[in-house]
Structures are given as structure tokens and as C-alpha cells.
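# Understanding the architecture of this molecule
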Amino acid sequence: MAVKKNETGTAQIEINGTKYDLPIYKPSIGPEVVDISKLYAQANVFTYDPGFTSTANCSSTITYVDGENGILLYRGYKIDELVENTDFLEVSYLLLNGELPNKKEKEEFDNAVTYHSMLHEQMTRFYQGFRRDAHPMAITCGVIGALSAFYHDSTDISDAHQRMVATRRLIAKMPTIAAMAYKYTLGQPFVYPRNDLDYASNFMHMCFSVPPEEYKVNEILSSALDKVFILHADHEQNASTSTVRLAGSSGANPFACIAAGVASLWGPAHGGANEAALNMLDEIQTPDNITKFIKKAKDSSDPFRLMGFGHRVYKSYDPRAKIMQKTCHEVLDALGLKDDPLLKVAMELEKIALEDPYFVEKKLYPNVDFYSGIILRALGFPKDMFTVLFALARTVGWISQWNEMIEDSEQRIGRPRQLYMGNASKEFIKIEDR
Ligand code: CMC
């Protein structure tokens, strides 16, 4: 079903002396949207928008970001209220279904998800094909793609029931896949999921327990991890989500689409920034070195950027970063690491950057990745697992957006056009004459 669009007027565009009317739609909140979808058919012109800075690719009812005012809503609920009052599976239900669950619905959903937490046993052998020093994102991407080879029954995208099964499988198996990627790189045995634990605690159990010892999950830490998951659950039409939608628009199965999302997330400008931000803080080492790095970030001839700073949409403080900073203090306090030298560097760096005219004028503020690395490291995760954790949580957003797209009657295969600047015509010369 397509979301009913509220047409409020028309924009006029004049091209080579002819005027064309373009419908304007009013969203529930946010800027109005001019519909240019018929422009090529009517006027034989394309629009040009590298990086999609002004282009809406779909209508959606899932997530809203107000970058000017630092607001993030999941299905209309403020992110800080959700972080304070719900858990990750409750938020998953909300993103998928549009409403918060009541107690019974929550219980049923939790059970249905945990029912799928194990991997097909043959899949566990799939890991042996990777080098021990493989980046866990490489393993995660490969194993998720391989899910379609193990769960054929839920690859039929025309069957609503199978779409639901694939959705639950993805949310349930992602922690198992991620934890196994971690264990594999450590050379430790895989730890099977425990369905009596909540989502975050089960993930910590699969990552940190070893057969010879009893592992007790620290509730303060698993609750912090759950918050990190909620903060990463969805974020509107970002690069990886758009990748999932584009892959899905061709009718590809959901496992293949999520693998595409993981690949897109990996880059340092997107989900890879949490690993890069911690590398940067490690490199800065002490507050005395901050000025040098700020200078490098401002130098247009130097490719270095302050990682965990700046955002395409947020032109004020990223609301996720605010919660992340608070959670970071809670975790370090709980672990008796209040004087963590890295936190000191991060806080000082943030203070200096927020007062520097370069960052002020360009509206560059800390984003979600600035503090998340410090939390994840304190929880015991190595740097190369940070983006995997982002992917784990974002899987629910990706699959919610994928489901919305499949059910949208306006959905067509994604096929951007281009401004062709290559040769118009070249005379062919045979190889022996070139
Ligand atoms: N450090 C220094 N300068 C920066 C930074 C930064 N972190 N971010 C942007 N700028 C400058 C940039 O050089 C440009 O300057 P000028 O106008 O003089 O050319 C201006 O600010 C605008 O930057 P842009 O690259 O045109 O902006 P964008 O919207 O295309 O890029 C971004 C957004 C997030 C990729 C970018 O800010 C960046 O590379 N940040 C560092 C990486 C990072 O933290 N990424 C995580 C994003 S949040 C999580 C997620 O979405 O996955």
C-alpha cells in the first residue's frame, strides 16, 4: 500500500520556454517535497543531485530526522524517551509494526525472535573458510549473504508470512553471526545463544563466555549495550538503508539485501566511523596533542577529518551523541574507569572543536560515533567489532525499511539517471591499427 500523499500545491519550472507544473506534497513534518517523477517524460530533462542532498527517494512512516533542531523520532516517538523506557526488541517491534507492543504482544514477539536465534549447524562450518585475521565485518557480510543459501523457505518475497519469518530470522540470528565472527578471529569455540537472556545480555554471553568458566552478564553493561543498539536501530534514508532499498527494488531476497546494507555501512564515512573515531582518539593520546589534530582537520589540503564529527543531516548536536555521552559516563563509572584517559581526550576535543570558528561555521557537531567507541571498548569489544555492532542493531531498521518498500504499491526498480559527459561518438580503430 502506498502512503497517501497530501498534495498541497504546485511548483512551476520553466525549461527552454515551456512551463511545467510539478505537484508539491506536504509531509507530516519536515520540508515539502516537489514531485519531479514525470519531468523526464514531459520535458525530456533529468535532474542532477549527486549525493541525493535534495532528493527524497521514497515516502516512509518509520523514522524522522530534524537535522536543524537535533531531533530523531522512531514512528513519532522521541529517541531519548525510547532509550529511557524500552528495550531493543520493543523498539524493533515498534519499527516493524508502527506501534509499541502491549505486554502480551511484547512477550510473543520476544519469544518469536528468540526461537530463531540459532544458526543452521552447517553454517557454523562456513566460518572455517575465512582467514583468522579477517575483519569481522568481512565475515559478517559474507555469512549474512549466505543465509539465503540456508533458509530458502523465507526468500519468497511475495509471501507476507515468509517475509515475516525472514525478518525475525535476521533480527534473531544477527547477534549469533556477529558473535561467531568475533570468536572465530579469537580462535575460541563458538558459544550458542541462550534464549533465557535478553537480547543484549545474550550477545555479551556469546561474545565473552568461554566453556571452562561461568560467565555472569553485568546488568549495567548489558543495559548500556541495549541503549547503544536502540540508538543505532534506524536512521531514515542513509547510505546503507538506501542500499538495502535499492537492492530490494530489483526483487532480491531479504538476506542478500541486508548483506548489501552491511557492505555499504562498512565505509569510514558511515558506520566505519566508530572504529575510525577510536583509532583517532588513540592516536591523539593526550589532550596536549589535540590542537595539532584540529589544525590537520581544518587544512583543506589534508584528507584528515575529525572522525565522529559532522553529519549530512544534523546541523546541530546529534541527539544520539548526547545520549551516548551520558551512557559513556555511566559505563565508565560502573567499571571504576572515571578517569579513562580516552574519555578525557574526547571531552577536551569536543570542547575545543565546538568553540572553533571552522566547526561552528560549518555546523560540525559530534555524531553518534564519537562516544560509542569508548563505551564499546569499555564493554570489552575490540575496535574491529564496533561496526559489526552497528550492523547488528541497524538490521532491524534495514528490514523495516525493506518491508515498507515491498508493501509500497508505488515501488519500482531503482534506476537513477546520469549527466553523461563522455564521448558522443568515436570512430572505431581495429586493435592492430591502434
Ligand atoms: N572534520 C573536518 N571537516 C569536516 C568534517 C570533519 N569530520 N566533516 C565535514 N567537514 C567539512 C568538509 O571538509 C566540508 O568543508 P568545505 O565546505 O570547506 O569543503 C564541509 O565540512 C561539509 O562537509 P561535506 O563532506 O560536504 O559533508 P557531507 O554531508 O557530504 O559529509 C560526513 C558528512 C558525515 C560524511 C562528514 O561530516 C564526515 O566525513 N565526517 C567524519 C566521518 C563520520 O564521523 N561519519 C559518521 C557519520 S554519523 C553515523 C553514520 O551515519 O553512519
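In every chain, residue numbers begin from 1 and rise along the written sequence. Given that this is a predicted model, residues contribute local features only at a pLDDT of at least 70 and side-chain atom pairs are listed and counted only at 80 or more, while totals for whole chains, interfaces and linings are drawn from all residues. Hydrogens are left out, water is left out, and the side-chain values use all remaining heavy atoms of the structure.

Pairing between strands requires that DSSP locate at least two bridges from one strand to the other. Each helix corresponds to a stretch of at least 4 residues labelled H or I by DSSP, and each strand to a stretch of at least 2 residues labelled E; elements are numbered beginning at the N terminus. Reading across the sheet, the three strands line up as 1-2-3 and stay open at both edges, with antiparallel pairing between neighbours. Looking at strand neighbours, the two that pair on one side only are strand 1 (7-15) and strand 3 (33-34), the edges of this open sheet. With eight bridges joining them, strand 1 and strand 2 (residues 18-25) adopt antiparallel strand pairing. Opposite Ala11, over in strand 2, you have Leu22 as the bridge partner.

Each axis is a line fitted through C-alpha atoms, and for a helix only the stretch in contact is used; angles between axes span 0 to 180 degrees, taken between their N-to-C directions. Axis separation between helix 12 (residues 273-284) and helix 18 (residues 386-406) bottoms out at 7 Å; the angle between their running directions is 150 degrees. Relative to helix 18, the element helix 12 lies roughly antiparallel. For the element pair helix 12 and helix 18, the recorded crossing hand is right-handed. Here Asn274, Glu275 and Leu278 of helix 12 lie close against helix 18, whose contacting residues are Phe386, Thr387 and Phe390. For this scheme, ten residues count as nonpolar: Ala, Val, Leu, Ile, Met, Phe, Trp, Tyr, Cys and Pro. Four count as charged, namely Asp, Glu, Lys and Arg, and the remainder, Gly too, count as polar. For the contact of helix 12 with helix 18, the class distribution of residues is three nonpolar, two polar and one charged. Here is the rule for angles: anything less than 35 degrees is roughly parallel, anything more than 145 is roughly antiparallel, 65 through 115 is roughly perpendicular, and the remaining ranges are oblique. Crossings are assigned a handedness: left-handed for a near helix turned anticlockwise from the far helix by less than a right angle, right-handed for a clockwise turn. We call two residues in contact whenever any of their non-hydrogen atoms come within 4.5 Å of each other.

Here we come to the site of the ligand. Residue proximity to a molecule or strand is established when one non-hydrogen atom of the residue lies within 4 Å of it. Taken together, the neighbourhood of the ligand is formed by 21 residues, with His270, Leu306, Gly308, Arg312 and Lys362 sitting nearest. A 3.5 Å cut-off defines polar contacts: any pair of N or O atoms within that distance qualifies, except that in protein one atom must be a possible hydrogen donor and the other a possible acceptor, and neighbouring residues in sequence count only when both atoms are side-chain atoms. Residue Tyr358 places a side-chain N or O atom 2.9 Å away from a nitrogen atom belonging to the ligand. In this structure, an oxygen atom belonging to the ligand sits 2.7 Å away from a side-chain N or O atom of Lys362. Across the shell around the ligand, the residue classes break down as eleven nonpolar, six polar and four charged.

Moving on to the packing of aromatic side chains. We call Phe, Tyr and Trp rings a pair once their centres come within 6.5 Å, taking the six-membered ring for Trp, and we label the pair stacked below 30 degrees between planes, edge-to-face above 60, and tilted otherwise. Scanning the model with the defined rule gives 19 aromatic pairs in all. Ring centres of Phe88 and Tyr199 lie 5.0 Å apart, and the angle between their planes is 35 degrees; on these two criteria the pair is classed as tilted. Pair noted here: Phe88 is in helix 3 (residues 88-97) and Tyr199 is in helix 8 (residues 199-208), with a separation of 111 residues, a long-range link. Only protein chains enter the calculation, and the probe is 1.4 Å; a residue is then buried if its accessible area is under 20% of its type maximum, exposed if over 50%, and partly exposed in between. For Tyr199, a relative accessible area of 11% puts it in the buried group. With centroids separated by 4.9 Å and ring planes inclined at 50 degrees, the aromatic side chains of Phe208 and Phe381 adopt a geometry described as tilted. With Phe208 in helix 8 and Phe381 in the loop between helix 17 (369-379) and helix 18, this pair connects stretches of sequence that are 173 residues apart. For Phe381, a relative accessible area of 2% translates into the label buried.

Before going further, it helps to examine the nonpolar core. Membership of the largest hydrophobic core comes to 113 residues, with the highest contact counts inside it found for Tyr74, Phe203, Leu225, Phe229, Leu306 and Phe381. Look past the residues within four positions of Tyr74 in its chain and what remains in contact with it is Ile62, Thr63, Ile79, Leu82, Val91, Leu94, Leu95, Ile230, Leu231, His232, Ala233 and Asp234. Nonpolar cores are built from buried Ala, Val, Leu, Ile, Met, Phe, Trp, Tyr and Cys residues. Side-chain atoms within 4.5 Å join them into one set. Ranked by size, the runner-up nonpolar core spans seven residues in total, among them Ile15, Tyr20, Leu22 and Ala43.

None of this, on its own, says anything about what the molecule does.
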